[in-house]
Amino acid sequence: MKNLSIIGAGAAGTMVANHLRRELSADWILTVIDPAPEHLYQPGLLFLPFGARDEAKIRRRRGRTLGRGVQWIQRPVQLVDPDKRKVMLEGAESVSYDLLVIASGSHVRPEETPGLMGSEWRRSIHDFYTLEGALKLREALTEFRGGRIVLNVAEMPIKCPVAPMEWLFLADAFFRKRGIRDRVELIYVTPLDGAFTKPVCNVRLSHMLKQKGIHLETEFGLAEVDPDGQKLVSYDERHVQYDLLVSIPVHKGAEFIGASGLGNDMNFIPTDKHTLRVKGQDHIFALGDATDLPSSKAGSVAHFQSGVLTRNIMRAIRGQSLLMDFDGHANCFIETGFGKALLIDFNYDVQPLPGKFPVPGFGPFTLLGESRVNHLGKLAFRWLYWNFLMPARQLPISDQMSMAGKQVVTEEEMMKAAV
Amino acid sequence: MSIRSYGGQSVEVNDEGFLLDQASWTPAMAEAIAEETGLAPLTEKHWKVIAFCREDAAREGQAPGLRRIAKLSGVDMKELYKLFPKGPGKLAARISGLPKPTSCV
Ligand SMILES: Cc1cc2nc3c(=O)[nH]c(=O)nc-3n(C[C@H](O)[C@H](O)[C@H](O)COP(=O)(O)OP(=O)(O)OC[C@H]3O[C@@H](n4cnc5c(N)ncnc54)[C@H](O)[C@@H]3O)c2cc1C
């Protein structure tokens, strides 16, 4: 018998496990290792602070999400020993592997920033990237009567790089509906030099922030938070005052990656950007938020990667060369408030462009433009996630990005269209 | 993509001004890019960072991110922001003739 082990059964690990169980022959034992009893649908966290009460629908017992023939060890991994091909678990047990997939994700680390996790944590300082944080922020927003709300991204990379803006758009709508928008200042403080990294999309999103009266403070390298003075302090000594801080803390990969010497400074794993094999390791692959790839850390990316990775594992088993098939494809809905959303579809080389998706000229989704259908798409995504993506069923969208339906425009043309 | 002339040499750069071929970089080019970005003249401290970035990229096969520079170059974060204002990770990479670090994507 041979062993294939997967570390982490979040979005990426679950999809790969369910794909591989159908592909692998019966002489392979397929094991996933994950300590958490539940699988959390993280995109659902965005809506909780604004009064959504669907906590029960965004979590599932892990056992329900893993197909038959997948063994689950409910323990945290402490170390990987690539030379002995062994995974050490907490409590001195170990699992041997012939092939290993690392899908242990990316995790918020508020303790990395001085002042963030002191006495004001979850009082005047909140986060929504964890279930606990999102629920606490829901209470804080219900009680909020006016003042300055600052949303800060501490450092890149973060997962779902559009979520901070979605949060602000939804906050704008939330306070308008409550009739107190004129008493609330919304400020987006980011280390990036614009609202988004890709130029055409940046024009669109910056314009929308402005229209909604959300102020943008860029290139802010967060040095520390002063919880008593209620301000953010940057390395170049700029100060931003807040009444309520919504923080997207520093993200890091899992500890065991650093401890095993497999990670970079942030514990993300150097990975081949097209084959998804870990650099310098013949028997280890990685996908999802755990890698150091220059693609977005998003569930859609993990989905496209899971197809490529499954094919490459099967090729590695047969002794064939790996396919260079992963192109950085990402597909993300961006909630814009009042029942509308944008959709962006892009890869390593092609930035988000306007157009229609997935059927050229028809849609039903509009790329880089607001529509009600896009919003319905975002809401339907939860159902799709549990019922199609996680069981690794076939979808009519290819892993690789397609140019069909996209209009090639420049930053300048987009600017003209925006005014 | 476009062609620019730095330190008397014509080189290809991408839309954001990063050199396409890191082997074509020379110290004179660093001075010229620094001039263009308003950083000139480069001090000894700047050169310490540039030297670290070049060496680290040669060793690791990719441009170091800001966190790595602050940890290993001997120049701390606060000072990096003084030397390379606004986006030090990006700016240091550009002046060192390296691609934009992936942590900035
Ligand atoms: C607020 C928010 C909104 C988002 N919105 C969207 C969206 O609209 N669209 C989209 O595509 N994506 C979105 N995302 C991103 C998406 O949720 C992630 O990209 C996706 O979950 C990545 O999957 P993953 O498997 O790599 O990591 P995860 O799903 O985080 O799973 C990692 C798993 O590894 C396990 N693990 C960790 N450490 C260990 C260890 N030591 N040993 C064993 N197991 C371990 C964890 O328990 C976890 O189950 C959003 C994320 C957030 C936070």
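See the structure shown above.
Conventions we followed
Residues numbered from 1 in each chain as written. Chains lettered and ligands numbered in written order. Predicted model: local features only at pLDDT ≥ 70, side-chain atom pairs only at ≥ 80, totals over all residues. Heavy atoms only, no water. Phe/Tyr/Trp six-rings, centres within 6.5 Å; stacked < 30°, edge-to-face > 60°. Helix = DSSP H or I, 4+ residues; strand = E, 2+ residues; numbered from the N terminus. Buried < 20%, exposed > 50% of the residue type's maximum accessible area, 1.4 Å probe, protein only. Lys NZ or Arg CZ within 6 Å of the ring centre and 35° of its normal. Core = buried A, V, L, I, M, F, W, Y, C linked by side-chain atoms within 4.5 Å. Contact = heavy atoms within 4.5 Å. Pairing = 2+ DSSP bridges. Axes fitted to C-alpha atoms, helices over the stretch in contact; angles between N-to-C directions. Buried area = accessible area lost by both parts, 1.4 Å probe. Salt bridge = Lys/Arg side-chain N within 4 Å of Asp/Glu carboxyl O. Near = heavy atom within 4 Å. Polar contact = N/O pair within 3.5 Å; in protein donor to acceptor, adjacent residues only side chain to side chain. Nonpolar A, V, L, I, M, F, W, Y, C, P; charged D, E, K, R; others polar. Domains from an automatic or database assignment.

1. Quick look at the packing of aromatic side chains
Okay, step 1: Counted under the stated rule, the structure contains 14 aromatic pairs over all chains.
Okay, step 2: Aromatic pair Y235 of chain A and Y81 of chain B: ring centres 5.2 Å apart, planes at 20 degrees, arrangement stacked. Note that Y235 of chain A is positioned in the loop between β16 (231-234) and β17 (239-241) and Y81 of chain B in helix α4 (residues 77-83), a pairing that runs across two chains.
Okay, step 3: We classify Y235 of chain A as partly exposed; its relative accessible area is 21%.
Okay, step 4: Y81 of chain B gets classed as buried once you look at its relative accessible area, which sits at 8%.
Okay, step 5: With 5.2 Å between their ring centres and 85 degrees between their planes, Y385 of chain A and W386 of chain A make a pair best called edge-to-face.
Okay, step 6: Looking at Y385 of chain A, the relative accessible area reads 5%, which means it is buried.
Okay, step 7: The class for W386 of chain A is buried, based on a relative accessible area of 7%.
Okay, step 8: Among the aromatic residues, those joined into a ring-pair cluster are F50, F128, Y129, F144, W167, F174 and F175 of chain A.
Okay, step 9: Across from the ring centre of F268 of chain A, 4.2 Å away, lies the NZ or CZ of K297 of chain A, which sits over that ring.

2. Details of unusual backbone geometry
All names here are of chain A.
Okay, step 1: P157 follows M156 through a cis peptide bond whose omega is 0 degrees.
Okay, step 2: With respect to the helices, strands and loops of the structure, P157 is situated in the loop between β12 (147-153) and α4 (163-177).
Okay, step 3: Omega for the bond connecting F357 with P358 falls within 30 degrees of zero, at -10 degrees, which places this linkage in the cis form.
Okay, step 4: As for its position among the elements, P358 is in strand β23 (residues 355-359).
Okay, step 5: With a phi angle near 50 degrees, Q230 is a residue other than glycine that sits in the positive phi range.
Okay, step 6: Structurally, Q230 can be placed in the loop between β15 (222-226) and β16.
Okay, step 7: Overall, Q230 belongs to the partly exposed group, its relative accessible area being 23%.
Okay, step 8: A positive phi angle, near 55 degrees, is found at A392, a position not held by glycine.

3. Structural notes on the nonpolar core
Okay, step 1: Ranked by internal contacts, the top residues of the largest apolar core, which has 95 residues, are L4, F128, I149 and W167 of chain A.
Okay, step 2: Not counting residues up to four positions away in its chain, the partners in contact with L4 of chain A are L20, L24, W28, I29, L30, T31, L99, V101 and I313 of chain A.

4. Some remarks on the sheet that holds strand β8 (residues 94-96) of chain A
Residue and element names in this part refer to chain A.
Okay, step 1: The sheet built from three strands is open, its strands ordered β6-β7-β8 with antiparallel pairing. With partners counted over all chains shown, the strands left at the sheet margins are β6 (77-81) and β8, one partner each. For this sheet, the mean inter-axis angle between neighbouring strands, taken without regard to orientation, is 20 degrees.
Okay, step 2: Where β6 lies against strand β7 (residues 86-89), four bridges are found, and the strand directions are antiparallel. From the neighbouring strand, V80 faces β7, where its bridge partner is V87.

5. Quick notes on the interface of chain B and chain A
Okay, step 1: Listed by partner, the interface residues are 14 residues for chain B and 19 residues for chain A.
Okay, step 2: Summing the contributions of chain B and of chain A, the shared interface buries around 1,600 Å²; its carbon and sulfur component is 48%.
Okay, step 3: The tally of links from chain B across to chain A stands at six salt bridges.
Okay, step 4: For K90 of chain B, the salt bridge identified is with D193 of chain A, shortest N-O distance 2.4 Å.

6. Some points on the sheet that holds strand β2 (residues 28-33) of chain A
Residue and element names in this part refer to chain A.
Okay, step 1: Overall, parallel pairing links the five strands, which are arranged β5-β2-β1-β9-β20 in an open sheet. If you trace the sheet from one side to the other, it starts and ends with β5 (71-73) and β20 (284-286), each paired once. When the angles between neighbouring strand axes are averaged without regard to direction, this sheet yields 20 degrees.
Okay, step 2: Relative to β2, strand β1 (residues 2-7) runs parallel, the two sharing six bridges. Looking at β2, one finds that L4 is bridged to L30.
Okay, step 3: Lying on the sheet, helix α1 (residues 11-23) is in contact with β1 and β2; it crosses β2 at an angle near 165 degrees.
Okay, step 4: Contacts between helix α7 (residues 299-317) and the sheet are confined to β1, β2, β9 (99-102) and β20, with β20 contributing the most and set at about 170 degrees to the helix.

7. Side note on the site of the ligand
All names here are of chain A.
Okay, step 1: Around the ligand sit 33 residues, and of these A12, D34, Q42, D289 and G299 come closest.
Okay, step 2: Within the backbone of D289, a nitrogen or oxygen atom sits 2.8 Å from an oxygen atom of the ligand.
Okay, step 3: For the shell around the ligand, the elements supplying multiple residues, two or more each, are α1 and α7.
Okay, step 4: Taken together, the residues that form the shell around the ligand break down as 18 nonpolar, nine polar and six charged.
Okay, step 5: Among the domains, domain 1 (2-105 + 254-317) and domain 2 (110-250) are the pair contributing at least three residues each to the shell around the ligand.

8. Notes on the side chain of T14 of chain A
All names here are of chain A.
Okay, step 1: One can find T14 in helix α1.
Okay, step 2: Here the side chain of T14 touches G10 through a polar contact of 2.7 Å, landing on its backbone oxygen.
Okay, step 3: Setting aside anything within four residues of it in sequence, one finds T14 in contact with A9, H39, T65, L66 and M390.

9. A word on the pattern of salt bridges
All names here are of chain B.
Okay, step 1: Per the stated rule, a full pass over the model turns up 35 salt bridges over all chains.
Okay, step 2: Note that E16 is salt-bridged to K100, the shortest N-O span being 2.8 Å. One end of the pair, E16, is in the loop between β2 (9-13) and α1 (27-36); the other, K100, is in the segment after α5 (88-95), with 84 residues separating them in the sequence.

10. A closer look at the pairing of β15 of chain A
All names here are of chain A.
Okay, step 1: Bridging between β15 and β16 involves four bridges; their strand directions are antiparallel. Looking across to β16, one finds that V225 is bridged to L232.
Okay, step 2: Linking β15 to β16, which pair antiparallel, is a turn of four residues; within it Q230 sits at a positive phi near 50 degrees.

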